[in-house]
Amino acid sequence: YEIASCLVGSEMCIRDSSGSAREAESVKDLCKTCGINHQTLRWEGWDGTGNLQNAARDARYALMGVWAKSLRLDAVALGHTAEDQAETVLMRLGRRAGVDGLSAMARQSERGGTVWLRPLLDQRRGTLQDYLAARSIEWVSDSSNEELRFDRVRARKALSMLGNLGIDVPALSAVAQNMADARAALRHATQAAVRDSARLVQGGVAIDAAKFAMYPREIRRRLWIHALGWIAEHRYPPRRATVDSLMEAAKTEKQSVGAGCAVIKRRDTIWLFRESERVRDTVCDINAAWDGRWHVTSNHEREVNGPYEIRALGDKGLKQCDKWRSLDLPRGLLLGHPALWHGDTVISSPCAKPHQNWRWTLKRDEKAFYDTPL
């Protein structure tokens, strides 16, 4: 086993580095006694602005993710308890969360290419403290857990007063599990809808409008979010208002944009693709993934050494592609396509100007679209 002690978990860790160091040292000593390897991970990236707890959480995951990959670990286990789960549900209720939000923390999830496990979600904090006390093992109580300016601390205080209404840790944990079951069913139905009505075309998603209209609203919304995420690779789903607006816009033949994507209806097909304005100024060399999506490779070594760069095709490039109208693809989709440029000349683009010496591939392929859990 490997254990990492991350100095990013609280306000104290930022204000009092010596106190944080003492905590990490105590973990190190305990691991040494138990014969477990230990490494201290230190975060020094906070500039003092924004939400500290959110920044610290993101830093924890980032640091531990890099650490796990360096050791080629299959997964990382976290110490979240039943109380953490209940507090999360309560906070998300206040934010009017839906099924996904009220599912709270998953027992297994993936983030940043690392698998995260939460084996203690059924365990109460008191049970763990009793376990430690019985073995004369000390634990550290974070002083920021008493600071009411943090949402989680206020939720913790509120939870202590809601027990008389039956709103307690076991009840909220049960809600999270019920919602997780509902989420799994919705994901299964959405995946079936994706396979039945959507197809991938040149980096965009084409959806059968008639089939799409027949699905329940929640399935339509989830299919839409999945398509948007495949195109623009969102870290978090777009806001509900943005998704609803784009779904409404898809009923017309006028192009609309949102969440880094564009949508337009053409005859019996709804098209979603990368918004060209978002990538208008995106430039990279031929060894990088343009827009994080597109790769280009050469069939001839001599071609690779040329003074090339990848930029958006755009209006200027599309004018150099004589037969693009015969492709019967939305013009907006092609404007947001990558192109291999040599100065002001387009050498190749995925479909508007194919070239026998250059091959374009997508980083996220059909498997990522059809088989990835939604």
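These figures come from a predicted structure and were not determined experimentally.

J.: Looking at this structure, I do not really get the sheet that holds strand S13 (residues 338-342). What am I missing?
T.: Think of a sheet as strands paired side by side through backbone hydrogen bonds, with each pair either parallel or antiparallel. Reading across the sheet, the 3 strands line up as S12-S13-S14 and stay open at both edges, with antiparallel pairing between neighbours. Sheet topology places strand S12 (309-312) and strand S14 (345-348) at the edges, where each strand pairs with a single neighbour. Within the sheet, the average angular offset between the axes of one strand and its neighbour, ignoring direction, is 55°.

J.: Any chance you could explain the packing of helix H4 (residues 82-94) against helix H8 (residues 169-197) here in plain terms?
T.: How two helices sit against one another is set out by the angle between their axes and by the gap between those axes. Put simply, H4 and H8 touch, their axes get as near as 8 Å, and they point 70° apart. One element, H4, and the other, H8, form an angle in the roughly perpendicular class. Across the interface between the two elements, Ala82, Glu83, Gln85, Ala86, Val89 and Leu90 from H4 touch Val169, Leu172, Ser173, Val175 and Ala176 from H8. Taken together, the residues of the contact of H4 with H8 sort by class into 8 nonpolar, 2 polar and 1 charged.

J.: In this structure, what is going on with the pattern of salt bridges? I would like to understand it.
T.: Two side chains bearing opposite charge may form a pair once their charged atoms approach each other closely. Counted according to the given criterion, the structure contains 27 salt bridges. Here Arg195 ties to Asp371 by a salt bridge, and the two come within 3.1 Å at their closest N and O atoms. Of the two residues, Arg195 sits in helix H8 while Asp371 sits in the segment after helix H16 (366-370), which places them 176 residues apart along the sequence. Glu218 is the partner of Arg221 in a salt bridge, and the nearest nitrogen-oxygen pair spans 2.8 Å. One end of the pair, Arg221, and the other, Glu218, are both in helix H10 (residues 217-232), 3 residues apart, so they sit about a helical turn from each other. Arg221 gets classed as buried once you look at its relative accessible area, which sits at 11%. Glu218 sits in the partly exposed class, given a relative accessible area of 24%. If you follow the salt bridges from partner to partner, you end up with Asp84, Glu87, Arg125, Arg152 and Arg156 in one network.

J.: Looking at this structure, how should I read the state of the cysteines?
T.: In protein structure, a disulfide is the covalent linkage between the sulfur atoms of two cysteines. For the structure on display, the rule yields 0 disulfides. Of the cysteine sulfurs around Cys351, a residue in no disulfide, the closest is that of Cys321, at 8.8 Å.

J.: Can you help me understand the environment of Glu366 in this one?
T.: Mapped onto the secondary structure, Glu366 falls in helix H16. Residues Glu366 and Trp230, 136 residues apart in the sequence, show an inter-C-alpha distance of 9.9 Å. Residues within four places of Glu366 in sequence aside, it is in contact with Leu200 and Asp371.

J.: So what exactly am I meant to see when it comes to the confidence of the model for the chain here?
T.: Fine structural detail should not be taken from predicted coordinates in areas where pLDDT scores are low. In this model, the chain carries a mean pLDDT of 88, and residues with pLDDT of at least 70 account for 89%. Low pLDDT (under 50) marks residues 7-16, which in the prediction has 34 contacts with non-local residues, meaning those over four places away or in another chain.

J.: What should I look at first to understand the pairing of strand S10 (residues 269-274) in this one?
T.: In summary, the side chains of a regular strand alternate between the two faces of the sheet. Among the 6 residues in S10, 6 count as buried, and that is most of the element. Of the pairings in the sheet, the one linking strand S7 (residues 204-208) to S10 comprises 4 bridges and is antiparallel in character. From the neighbouring strand, Ile207 faces S10, where its bridge partner is Ile270. Pairing of strand S9 (residues 261-266) with S10 involves 6 bridges; the strand directions are antiparallel. If you follow Lys265 over to S10, its bridge partner there is Ile270.

J.: How do you make sense of the packing of aromatic side chains when you look at a structure like this?
T.: The description of an aromatic ring pair uses the distance of the two centres, along with the angle that the planes make with each other. Scanning all chains against the criterion turns up 5 aromatic pairs. Between Tyr61 and Trp116, the aromatic rings sit 4.8 Å apart at their centres with planes inclined by 90°, giving edge-to-face as the arrangement. One end of the pair, Tyr61, is in helix H3 (residues 52-70); the other, Trp116, is in strand S5 (residues 114-117), with 55 residues separating them in the sequence. Grouping residues by exposure puts Tyr61 and Trp116 together as buried. Between Phe369 and Tyr370 the ring centres are 4.9 Å apart and the planes differ by 80°, which places this aromatic pair in the edge-to-face class.

J.: Just checking my understanding: could you explain the nonpolar core for this structure?
T.: Generally speaking, a soluble globular protein has its nonpolar side chains buried in company with each other. Core analysis: the biggest nonpolar cluster contains 31 residues, and Val205, Ile207, Trp224, Ile270, Leu272 and Phe369 have the highest contact counts within it. The greatest single-element share of this core, amounting to 9 residues, is contributed by H10. Leave out the neighbours within four places in its chain, and Ile270 touches Val205, Ala206, Ile207, Ala209, Phe212, Trp224, Ala250, Val263, Ile264 and Lys265.

J.: Sorry if this is basic, but what is going on with the side chain of Ser349 here?
T.: Along the chain, the position of Ser349 falls in the loop between S14 and strand S15 (358-362). In this structure the side chain of Ser349 is engaged in a polar contact, spanning 2.7 Å, whose partner is the backbone oxygen of Pro338. Discounting chain neighbours no more than four positions away, the residues touching Ser349 are Leu313, His337, Pro338, Ala339, Pro354 and Trp360.

J.: I tried to follow the environment of Gln123 on my own but got confused; where do I start?
T.: Relative to the assigned elements, Gln123 resides in the loop between S5 and helix H6 (125-134). On the accessibility criterion, Gln123 (31% relative accessible area) is partly exposed. The contact partners of Gln123, leaving out residues within four places of it in the chain, are Thr81, Ala82, Glu83 and Leu128.

J.: Please clarify how helix H7 (residues 151-159) should be interpreted in this entry.
T.: What H7 keeps buried is the set Val153, Ala155, Arg156 and Leu159. Projected down its long axis, H7 carries its buried residues within an arc of 160°, all on one side. Looking at the buried side of H7, the elements it contacts are H4, H6 and H8.

J.: What should I look at first to understand the sheet that holds strand S8 (residues 256-258) in this one?
T.: Pairing is antiparallel in the open sheet, where 5 strands are placed in the order S6-S7-S10-S9-S8. The open sheet has two edge strands with one neighbour each: strand S6 (198-201) and S8. For this sheet, the mean inter-axis angle between neighbouring strands, taken without regard to orientation, is 25°. Bridge analysis of S6 against S7 gives 4 bridges, and the strand direction is antiparallel. Among the inter-strand pairings, Ala198 is bridged to a residue of S7, identified as Ile207. Taken strand by strand, H8 contacts S6 and S7, and its axis lies near 60° from that of S6. Those strands touched by H10 are S6, S7, S9 and S10, and its axis lies near 35° from that of S10.

Calculation criteria
- Residues numbered from 1 in each chain as written.
- Predicted model: local features only at pLDDT ≥ 70, side-chain atom pairs only at ≥ 80, totals over all residues.
- Heavy atoms only, no water.
- Pairing = 2+ DSSP bridges.
- Helix = DSSP H or I, 4+ residues; strand = E, 2+ residues; numbered from the N terminus.
- Axes fitted to C-alpha atoms, helices over the stretch in contact; angles between N-to-C directions.
- Parallel < 35°, antiparallel > 145°, perpendicular 65-115°, else oblique.
- Contact = heavy atoms within 4.5 Å.
- Nonpolar A, V, L, I, M, F, W, Y, C, P; charged D, E, K, R; others polar.
- Salt bridge = Lys/Arg side-chain N within 4 Å of Asp/Glu carboxyl O.
- Buried < 20%, exposed > 50% of the residue type's maximum accessible area, 1.4 Å probe, protein only.
- Disulfide = S-S within 2.5 Å.
- pLDDT = per-residue confidence, 0-100.
- Phe/Tyr/Trp six-rings, centres within 6.5 Å; stacked < 30°, edge-to-face > 60°.
- Core = buried A, V, L, I, M, F, W, Y, C linked by side-chain atoms within 4.5 Å.
- Polar contact = N/O pair within 3.5 Å; in protein donor to acceptor, adjacent residues only side chain to side chain.
- Arc of directions from axis to C-beta.

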